[in-house]
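Residues per chain, in single letters:
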Amino acid sequence: MDGVKLKQTNTKAFPYNTTQPVKFLGKFEAVVETRKRLSVAMFYVVKGQNSGNLLPPATAQDLGLITLHLNHVTTKDDNLDEMLGKHTKVFHGLGKLKEDALKALEKEDVIERVPENEATPWVSPIVVVPKKDGGVRICVDMRQANEAIRRVRHPIPTVNNVSFALNGAQYFTKLDLSQAYHQLVLDQEGRFITTFSIHVGLYRYKRLNYGTKTSAEIFQHLLQTKLQELNGVKYIADDIIVFGKHELNMIKI
């Protein structure tokens, strides 16, 4: 671990079927990546040489290494078409990112060109990730810029947290927010740190961007403040789960 500085931690973790906590030497934050994705994760260093390495489920999902599936789902809602028609604007937004992905982001007011006479202390490269629908996802490699960003601490719900609340429900709906982070506008004075370079010049984000280490916590805090008063509604990342024991309850929600 050359070059890694450990921070103190009060976190307690217990091995399976034991009452003694694991002895942590400290923790450190680092960027982990696969060929297609990257994520910022917190690592805890254990005392002893016989300990294995574990990747948290949330990080594994962010990297696309695992996915969550339900064994059996039935869909039945005679009012679905009516609901979709009534709230059609909710299901239309940024659209797909295809060959002209950068122009699409600029048109949707997600990014803006940095004026040529304006200096910026941060310039990051971009990472282009192919999507299953044939489009591409534009991500900024924020590893260097993240070193200067003070992280916001906010708990992120896990599958276990949500599964307890679903007990007894018979109807389920999942709402997947389109380009979830991009729905949050960045302050003018904070946009410079998202500056990235492409062949036609410098651009920066006007919206919360993927790759910034505070994005997940900021977005989760927003979801909590907006959804915490709603019964039968839970969330994980950018997926909102609506559930109930009766179909009528689902419609009212």
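Residues numbered from 1 in each chain as written. Predicted model: local features only at pLDDT ≥ 70, side-chain atom pairs only at ≥ 80, totals over all residues. Heavy atoms only, no water.

Visitor: Looking at this structure, I do not really get helix α6 (residues 215–227). What am I missing?
Guide: Since there are 3.6 residues in each turn of an α-helix, residues three or four apart along the chain are aligned in direction. Compared with an ideal rise of 1.5 Å per residue, which puts 13 residues at 18 Å, α6 spans 18 Å between its outermost C-alpha atoms and is within 8% of the ideal. Elements in contact with the buried residues of α6: β9 (233–236) and β10 (239–244). (Helix = DSSP H or I, 4+ residues; strand = E, 2+ residues; numbered from the N terminus. Expected span 1.5 Å × (residues − 1). Contact = heavy atoms within 4.5 Å.)

Visitor: Explain the sheet that holds β9 here, please?
Guide: The strands making up a sheet are joined through hydrogen bonds of the backbone, oriented either antiparallel or parallel. Read across the sheet, three strands follow the order β6-β10-β9 without closing on themselves; strand pairing throughout is antiparallel. Single-partner strands in this sheet number two, and they are β6 (171–176) and β9. If you compare each strand with its neighbour and ignore which way they point, the axes differ by 25° on average. Direction of pairing for β6 relative to β10: antiparallel, over a ladder of six bridges. Bridge pairing links L175 to I240 in β10. (Pairing = 2+ DSSP bridges. Axes fitted to C-alpha atoms, helices over the stretch in contact; angles between N-to-C directions.)

Visitor: Explain a positive patch on the surface here, please?
Guide: Where like charges cluster on the molecular surface, the positive patch consists of R35, K36, R37 and K132. Within the secondary structure, K132 is located in the loop between β4 (126–130) and β5 (136–140). (Patch = residues over 30% accessible without salt bridge, like charges linked within 9 Å, V, L, I, M, F, W, Y side chains within 5 Å. Areas by Shrake-Rupley, 256 points an atom, 1.4 Å probe, with all protein chains shown as cover. Salt bridge = Lys/Arg side-chain N within 4 Å of Asp/Glu carboxyl O. Lys, Arg positive; Asp, Glu negative; His and termini not counted. Charge placed at Lys NZ, Arg CZ, Asp CG, Glu CD.)

Visitor: Hey, could you run me through the sheet that holds strand β7 (residues 196–198) in this one?
Guide: Reading across the sheet, the three strands line up as β3-β8-β7 and stay open at both edges, with antiparallel pairing between neighbours. The sheet is open, and its two edges are formed by β3 (111–113) and β7, each paired on a single side. For this sheet, the mean inter-axis angle between neighbouring strands, taken without regard to orientation, is 35°.

Visitor: Please explain the side chain of T9 as it appears in this structure.
Guide: Looking at the element boundaries, T9 is found in the segment before β1 (24–33). Not counting chain neighbours up to four residues away, the residues in contact with T9 comprise F24, G26, K27 and Y44.

Visitor: Got a minute to help me understand the pairing of β10 in this structure?
Guide: Side-chain direction in a regular strand flips from residue to residue, so the side chains alternate between the two faces of the sheet. Burial analysis of β10 places five of its six residues in the buried class, the great majority of the element. One ladder, built from four bridges, connects β9 with β10; its direction is antiparallel. Of the residues in β10, the one forming a bridge with K234 is I241. Hairpin connection from β9 to β10: two residues lie between these consecutive antiparallel strands, with A237 at a positive phi of about 55°. (Buried < 20%, exposed > 50% of the residue type's maximum accessible area, 1.4 Å probe, protein only.)

Visitor: Sorry, what's going on with the nonpolar core here?
Guide: One recurring pattern in soluble globular proteins: nonpolar side chains tend to sit buried together. Counting 26 residues, the largest nonpolar core has I111, F196 and Y205 as the members making the most contacts within it. Looking at this core, the elements that each hand over two or more residues are α3 (101–107), β5, β7, β8 (201–205), α6, β9 and β10. Looking at this core element by element, the count peaks at three residues for α6. Discounting chain neighbours no more than four positions away, the residues touching F196 are L102, I111, V123, S124, I126, V140, G201, L202, Y203, R204 and Y205. (Core = buried A, V, L, I, M, F, W, Y, C linked by side-chain atoms within 4.5 Å.)

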